[in-house]
Every structure is written in C-alpha cells, then in structure tokens.
Amino acid sequence: MLEALASDSQSEPDWPEPDMSILRPERPRALRLPIEAFGPAWAEWISDAAEAAACPPDYVAAPLLAAASTLIGNARWAQATPGWAEPPHLWLGVVGDSGSGKSPGADCLMRDVLPEIERRMGADFVDRLWHWRADIEIGRVARERWLKRLRQAGRRGAPSCLPPLALPPPEPQVPRLRQHDVTIEKVAALLAHAAPKGLLIVRDELAGWINGMNAYHTGGRAFWIEAYGGRPFRVERKANPNPIVVSHLAVAVYGGTQPDRLARMLRDADDGLLARLLWVWPEPIPFRLGWQTPRTTWAVAALDRLREIDLRPGNPPSPLTVPLSAEAQFSLERLAQDMQTRQGDAAPLFRSALGKARGQALRLSLVLEFLWWCAEEGVSPPPSRISPRAFSAAAVLIEEYFLTMAARAYGGAVPIERERNAAVLARWIVSTRPQELHPRHLQREVRLPGLRSAEQIRDAAEMLVAIGWLCSTHRPNRFGPRTRICYRINPRLRSLRELNMRARGDPSTVLL
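All of these numbers come straight from a predicted model, not from anything done at the bench.

The rules behind the values
- Residues numbered from 1 in each chain as written.
- Predicted model: local features only at pLDDT ≥ 70, side-chain atom pairs only at ≥ 80, totals over all residues.
- Heavy atoms only, no water.
- 1 Å grid on protein atoms, 1.4 Å probe; cavity = no way out; pocket = protein on both sides within 12 Å on 5 of 7 lines; lining within 4 Å.
- Points joined across faces, edges and corners; volume = space filled by probe spheres on them.
- Helix = DSSP H or I, 4+ residues; strand = E, 2+ residues; numbered from the N terminus.
- Nonpolar A, V, L, I, M, F, W, Y, C, P; charged D, E, K, R; others polar.
- Phe/Tyr/Trp six-rings, centres within 6.5 Å; stacked < 30°, edge-to-face > 60°.
- Buried < 20%, exposed > 50% of the residue type's maximum accessible area, 1.4 Å probe, protein only.
- Lys NZ or Arg CZ within 6 Å of the ring centre and 35° of its normal.
- Expected span 1.5 Å × (residues − 1).
- Bend = angle between axes of the 7 residues up to and from the residue.
- Pairing = 2+ DSSP bridges.

A. Here's a closer look at the layout of surface pockets. Taken as a whole, the largest pocket spans an internal volume of roughly 1200 Å³. The leading source of residues in the lining of the largest pocket is strand β7 (residues 244-249), at 5 residues. Across the lining of the largest pocket, the residue classes break down as 20 nonpolar, 10 polar and 9 charged.

Okay, here's the thing in structure tokens:
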C-alpha cells in the first residue's frame, strides 16, 4: 500500500496541498447579547441573575423572553398592517455543553418566579369551581322538576312543557402557564379551557420533544408547526363526540440541547419547525462563584402586570391588536427586504430562518414594549402602539444577535448550495477513499444527499478541483465515441488514514 502511494505521488508531482476546511466549516463566534435592548431595569435583573447562576446572561434572557411572550399571550397581538397580525409567542432554544449554565440560568425564572405567577393565576379558582358546582346542582334540580311536571302532564293528558334549554357549562380548569406534557389532546384541552392566553412549553431537552412529536400521533409535528401561528384549531376525539375547539392555537417554547444532539436534529428534512426557534448559543465563560442575589420579588411584581392583561370579552374572547407606528412600519419593510436579499444564496435551514425573521421581529418588538412597560414604576395603561424604539431594538436583536446564533446552530458558515454539495462529496471521498470519482456512478449507485443530478455532481466536483482535491480527466467510452468524465483523487488524501475517523467522530462536520 505504501509503495502504491509512493508511486502515485511520483506520477503526479504537481498535486497541490488539498484544502481541508471544506470538511470542517468554522462556526461563527457568538456575539455579545445586546442586553441594553431589554431596558435598564430588566438588563440589571438579567445581569444579577446571570452572576448568581455563574452563566452567560444569554441563558437568563432566553427564558425571560419566552415567559413574557406567554404572559402577554393572546391578550395582545402585534399588528404590522390591517391584514397582518402576529401573536407574541416566541420559541427559544438554548444550546451549550453540559455544565455551561443552561439550566442554572433559567432556574431563577422557572423555579422561583413563574410558580408564584401560576399561584396567583389560580387564586380565584376555588370560587369559580364552587360556582360551577352550584350551577350544575341548580341545573339538576331544574331537570328533576321538569321531569316531574312532564309526568303529571302525561297523567292529566295536558300538553307537555318544554325542557330547560341551558347546557351545563364546562368544568373550570386550574389555570396553567407552563406545561411539560406535550400530547396533542392535552395541550389542545388546556388551551381551550385552562390557558386561553397560551402556554409555555418547557423541555429540558428539545431533542426529546422534537423527535417524539409523531410518536403517538402521525400529525404531531404538523400540530406543533401550526401552534406557532395562533389560528383556530379543532381536535376530534373518538371517546367524546364533542371536539376540543381552540380559538387561537399559539404556544411559546423554551428548551435546551447540547451541540451533538442539535446536529442530529438538523439532519431531518426542513419543514420550517426549527426555523421558528430563536437560537441562543453563547461562548462559555470562566466559572466564578456568584454572590449576587436575584431580585425575585421585583421580577414577580413586574411580570404579574403582564399576567393581569386580559383578552377582549366575547364568545370566544379575542386579542386586542397593538399596531406598529408608521416609522416602525417602514423599518419592518426594510428589514423584510434585506432578509429576502440574503435568502438568495443561503442554505435551506438558514434560508427558512431568514424567511421567519420579519415575523419574529414583529413579535419581539411587542414583547420588548411590554417588558419595558411592566418594569416601570407607578400605574400606567398597557401600551397601545409599538414604538419605533421598540421595533428598532427588536430588529437589532434579530439581525445582529439571533441570526448570528442561527448561523452558529445551523452549522457555522451557512454555505450556499454549491459549497454544501461539495462538502457532501468531500466527506464521501474521505469515508470511502476511492482512487477515482465517476459522476455517473455517483448518480446511479451512490445517490448522495443533494447530489441527484449530473449537473449537481459536476458542480460539486469542479469546486473540489479548485481546492486541490480532484483533477479532471476525460476518457474514451469503450462502447462508443463519447468520452466519459472522471476525476482523479489527490493521493495526499488517500495517505491520510485518520481523516475518516475525524469526519465520523466530530459532530461539527454534520452536513446541513
């Protein structure tokens, strides 16, 4: 084998050093969280909570955004134009290795603040349950009286009286804010009866939630995709003739994952689910014991103001829309156009994220406006308009922070399609170590992802020629005058035996 490699090297003296970066695109470094976008009061709270948890402030800000969007919920929707309104619910996914501070960063909010908010949500539940039981008893007595009169009328031969028409009201449910059980029927029932403003789905491991979506229902993943838009939804049940009707199917999501599990999630076909998530993946920080005490009481009081905002009365209750100011509408239009331009040469996952950016910026601007309001001292009515300042802060967070984090989560350099296909071909060469590459064989027998047509294979191969992996040659076809295209492999690649193990063992080389 060594003799063969030596002879190859002598017969091909002009082979360049192959560019190995095609195998391992570098992830962008995480940018600093622009914490000032949260306003002075919340920025101070985030910093204190992060110091107490010895974690980056990003891991505190992410659950705060998800929780605030849930507490505003369907009570207020952000309106860009008369025909375009979005619920405020945000999906946040945090990424980091074990021990990086993901869970400690969320503890202050999830363990201390939100349970108290939920307790206040159910403060009047006992009274409502008592009234419901009283109504049921009154209805039972009325029905017994009607049956008695009906029997008496039958004995006298008199016309029967009409039955009571009132239907029994549904049993009240304990109000919910967070939910870990994510079966379709359970979530739909809670949204219909216990959480009309929406739910916060909390999962310590996002991979378990995403991979298990279709475990009990073939339409599970489609249900969760729809649970982002706030549209009406109906769930039919075999055991009950009455369907569950959700007026506004909208949930917020918060969860975490580790880089290797994220890489495995990204292998699935892009259906828009992952693009709905705002990703947070900060650089790790040196561990230091935190002596700062988070202001839990202040955070409870501030977020409780969001809880008290209610839907517009009606049957069913409906959201109040909060329109963008004229200046903010212009900024939104410009942002959307920039995102469309960037979509042109983006890889599929990142292209989907760019497509969602304008709607996420609209939602985020509403959440920031209400976060600023609930942190103010004194008593003032909730915002009735999204200010240019709020949308500007949301646009900065989306463009400069969350899209960079999306690029970091989706595989680093976010290559265009031609570069991505070249990377697929390069990894196949590393794993199989052929002496030559034949496009027709690849098309008919191997069938690599993204390399279905002869044109795609040739484009990828020519890119590898440009970086020193291949050399193009043409050989006569033994069955006719046509020549067949083949590519010789740089013998330097065949001599690097450890490449295969590196490509298989490094999760950062997973192709998107």
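B. Broad picture of the packing of aromatic side chains. According to the stated counting rule, one finds 9 aromatic pairs in the structure shown. Consider the rings of W91 and W209, whose centres lie 5.8 Å apart with planes at 70°: the pair is edge-to-face. With W91 in strand β3 (residues 91-95) and W209 in helix α7 (residues 206-211), this residue pair connects regions lying 118 residues apart in the sequence. Taking the relative accessible area as the measure of exposure, W91 reaches 1% and is therefore buried. For the ring pair W209 and W224, a centre distance of 5.4 Å and an interplane angle of 80° mean the geometry is edge-to-face. Remark: W224 occurs in helix α8 (residues 220-226) and W209 occurs in helix α7; sequence separation between them is 15 residues. There is no split in this pair, since W209 and W224 are both buried. These aromatic residues form a ring-pair network of at least three members: W91, W209, F223, W224, Y228 and F233. Note that R295 overlies the ring of W298, its terminal NZ or CZ placed 4.7 Å from the centroid.

C. Structural view of empty space enclosed by the protein. Per the stated rule, a full pass over the model turns up 5 cavities of 30 Å³ or more. Each pocket or cavity is described by its volume, and for the largest cavity that value is around 70 Å³. In this structure, the largest cavity is lined by A275, L277, L278, W279, A353, Q360, I398, F402, L403, A406 and Y410. Counting residues per element, the ones that place at least two in the lining of the largest cavity are β9 (277-280), α12 (348-374) and α13 (388-409). Looking at the lining of the largest cavity element by element, the count peaks at 4 residues for α13. Residues of the lining of the largest cavity, tallied by class, amount to 10 nonpolar, 1 polar and no charged.

D. Structural detail: α13. In this model, α13 (22 residues) spans 30 Å end to end at C-alpha, consistent with the 32 Å of a helix rising 1.5 Å per residue. Bending of α13 peaks at approximately 35° at the position of I398. Along α13, 16 of the 22 residues are buried, which leaves the element largely enclosed by surrounding structure.

E. Region of the structure containing the pairing of strand β1 (residues 76-81). Counting buried residues in β1 gives 5 out of 6 residues, a clear majority hidden from the surface. Bridge analysis of β1 against strand β2 (residues 84-86) gives 3 bridges, and the strand direction is antiparallel. Among the inter-strand pairings, T81 is bridged to a residue of β2, identified as W84.

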